[in-house]
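Working through the structure, step by step
The primary structure of each chain is shown beneath.
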Amino acid sequence: MLSLQKILVLHVLACLGRLTHVIAIIHGEKAPENSMQYMASVQNNNGQHVCGGFLITEEFVVSAANCDDSSLTHVVLGNHNLKNGNHQKIRIENKIIHENYQHVGLGNDIMLIKLSKKAHLRHGVQPIKFQPAEINLKENQVCQVAGWGKTETDDDDKPADELMVVAVDVSVSGVTSKWPPWSPPILRSLPPHIY
């Protein structure tokens, strides 16, 4: 079940929205150290966390399309705590947004980020492990959502510095069970177990 939870992170990132570039991990708890070594912080030119994502290969990170703006410049990997300096900071080379994305509430909220160089895989930095292309999701199946977002609904709540995780129910209506759900030409460089 845990590996299914990890793959469902992809779907949840693609479907959940956020306001003013802050993801909410409402009622989240601190993720166990090194439990989600694929998590990435997508940051702006001021070094501020904008959105979460996850490493799928040494060269690609997946995030939400609604995070895209011109200020995104780099991805930080290997950081459970954003105030910790022990991480890899890699510039963004290219961003590919789902061709049918229009608005966060309308679906297709997914973005592929190509890194300017390969991530150095080591303890603390590993790509997410994918399940076979065809998976059977059931209504209200539980998965995990992780990130550095707000943990309370209070407007004064600040985003978390430490990686947080929360269990959520998944709605499977309209879900595609094959990754990726679209085919930009850049995906030809991905390994066949992902594409």
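Residues numbered from 1 in each chain as written. Predicted model: local features only at pLDDT ≥ 70, side-chain atom pairs only at ≥ 80, totals over all residues. Heavy atoms only, no water.

**A word on the sheet that holds strand 4 (residues 60–63)**
The six strands lie next to each other as 2-3-4-7-6-5, forming a closed barrel whose pairing is antiparallel. Ignoring which end each strand starts from, the neighbouring axes of this sheet average 40 degrees apart. Here strand 4 pairs with strand 7 (residues 111–115) via four bridges, running antiparallel. Its bridge partner being in strand 7, Phe60 is matched across the sheet by Lys114. (Pairing = 2+ DSSP bridges. Helix = DSSP H or I, 4+ residues; strand = E, 2+ residues; numbered from the N terminus. Axes fitted to C-alpha atoms, helices over the stretch in contact; angles between N-to-C directions.)

**Examining unusual backbone geometry**
Its identity is not glycine, yet Asn34 carries a phi of approximately 65 degrees, on the positive side. For Asn34, the location among the structural elements is in the loop between strand 1 (29–30) and strand 2 (39–44). The exposure class assigned to Asn34 is partly exposed, which follows from its relative accessible area of 34%. The phi torsion at Asn108 lies on the positive side, around 55 degrees, for a residue other than glycine. You can see Asn108 is positioned in the loop between strand 6 (88–97) and strand 7. (Buried < 20%, exposed > 50% of the residue type's maximum accessible area, 1.4 Å probe, protein only.)

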